[in-house]
Amino acid sequence: MSNTPYNFKDYIRVIPDFPQPGIRFKDITTLLKDGGAYRAVIEEMRAAVQHMKIDVIAGPEARGFVVGAPLALALGVGFAPIRKSGKLPGETITANYDLEYGKDQLAMHKDAIAPGQRVLIADDLLATGGTIATSINLVRQLGGEVVGAAFLIELAYLDGRDKLEGIDVFSLMTYE
Ligand SMILES: O=P(O)(O)OC[C@H]1O[C@H](OP(=O)(O)OP(=O)(O)O)[C@H](O)[C@@H]1O
Ligand SMILES: Nc1ncnc2[nH]cnc12
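Residues numbered from 1 in each chain as written. Chains lettered and ligands numbered in written order. Predicted model: local features only at pLDDT ≥ 70, side-chain atom pairs only at ≥ 80, totals over all residues. Heavy atoms only, no water.

A.B. asks: Can you help me understand the overall build of the chain in this one?
C.D. replies: Within the chain one finds four helices and nine strands. Along the chain direction, N to C, the helices and strands of the chain fall in the order β-β-α-α-β-α-β-β-β-β-α-β-β. Here the C-alpha atoms of the chain give a radius of gyration of 15 Å, agreeing with the 16 Å that 2.2 N^0.38 yields for 176 residues. Structurally, the chain occupies a C-alpha span of about 40 × 35 × 30 Å along its principal axes. The buried share of the chain, taken over its 176 residues, is 46%. Of the contacts made within the chain by residues no fewer than 6 positions apart, 58% connect residues no fewer than 24 positions apart. For the chain, the exposed area adds up to about 8700 Å²; of that, 49% sits on carbon and sulfur atoms. Considering the chain, the positive charge centre built from 18 side chains and the negative charge centre built from 22 side chains are found 3 Å apart. (Helix = DSSP H or I, 4+ residues; strand = E, 2+ residues; numbered from the N terminus. Rg over C-alpha atoms; globule rule 2.2 N^0.38 Å. Buried < 20%, exposed > 50% of the residue type's maximum accessible area, 1.4 Å probe, protein only. Contact = heavy atoms within 4.5 Å. Areas by Shrake-Rupley, 256 points an atom, 1.4 Å probe, with all protein chains shown as cover. Lys, Arg positive; Asp, Glu negative; His and termini not counted. Charge placed at Lys NZ, Arg CZ, Asp CG, Glu CD.)

A.B. asks: It is not clear to me how the sheet that holds strand S3 (residues 56-60) should be interpreted in this structure. Could you clarify?
C.D. replies: One key point about sheets: their strands pair by backbone hydrogen bonds, in either a parallel or an antiparallel sense. Taken together, seven strands build an open sheet; the order of strands is S5-S6-S4-S3-S7-S8-S9 and the sheet is mixed. In the strand order of this sheet, the two ends are held by strand S5 (92-99) and strand S9 (168-175), each with one partner. Recorded for the sheet is a direction-independent mean angle of 20 degrees between the axes of neighbouring strands. Here S3 runs beside strand S7 (residues 118-126); their pairing, made up of three bridges, is parallel. Among the inter-strand pairings, Ala58 is bridged to a residue of S7, identified as Ile121. On top of the sheet, helix H3 (residues 63-75) reaches S3, strand S4 (78-84), S7 and strand S8 (145-155); it is set at about 135 degrees to S7, its chief contact. (Pairing = 2+ DSSP bridges. Axes fitted to C-alpha atoms, helices over the stretch in contact; angles between N-to-C directions.)

Here's what the structure looks like:
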């Protein structure tokens, strides 16, 4: 049971028609700039995923970094970046994906995850699930065991969770 004094949704700015008509963009910068609220969401996520016995967190660029890296520090585990293609300097594997508003390709270093490691994938937001499904694909290609996925925000009406069968999913805030 959470004891937080924060109503986290009060810290999310919803911007209609960004980046294209019909999308209601959930802006987390209004949460991140408040040190107390930022710390509190990471603490809530840490408490929710602690039982998963994670070895490493993987997070997709860019907003997955601002959630995944502090969560890794809070849990005392390492962080493996999942980047848009062409950014990582070492040997990589890649996978293509669709977004709520576009297409892209993600990459990971081949040595980012050791075979058999228990991995949590962390991101700010679950929408269609394309980013997280691609992240899972990459981690599994490297031999990692994806035990969980954690988000600040889930857009439940886009059914992204359907792509996460068999994985322990935690979302701090849900929009219906
Ligand atoms: O569930 P999905 O439909 O895949 O959408 C969710 C993803 O979209 C956003 O990232 P975006 O690709 O816009 O990149 P950014 O973090 O660099 O802004 C968000 O941070 C998630 O990673
Ligand atoms: N509606 C949305 N708001 C913020 N980030 C997103 N990524 C995909 N859909 C999004």
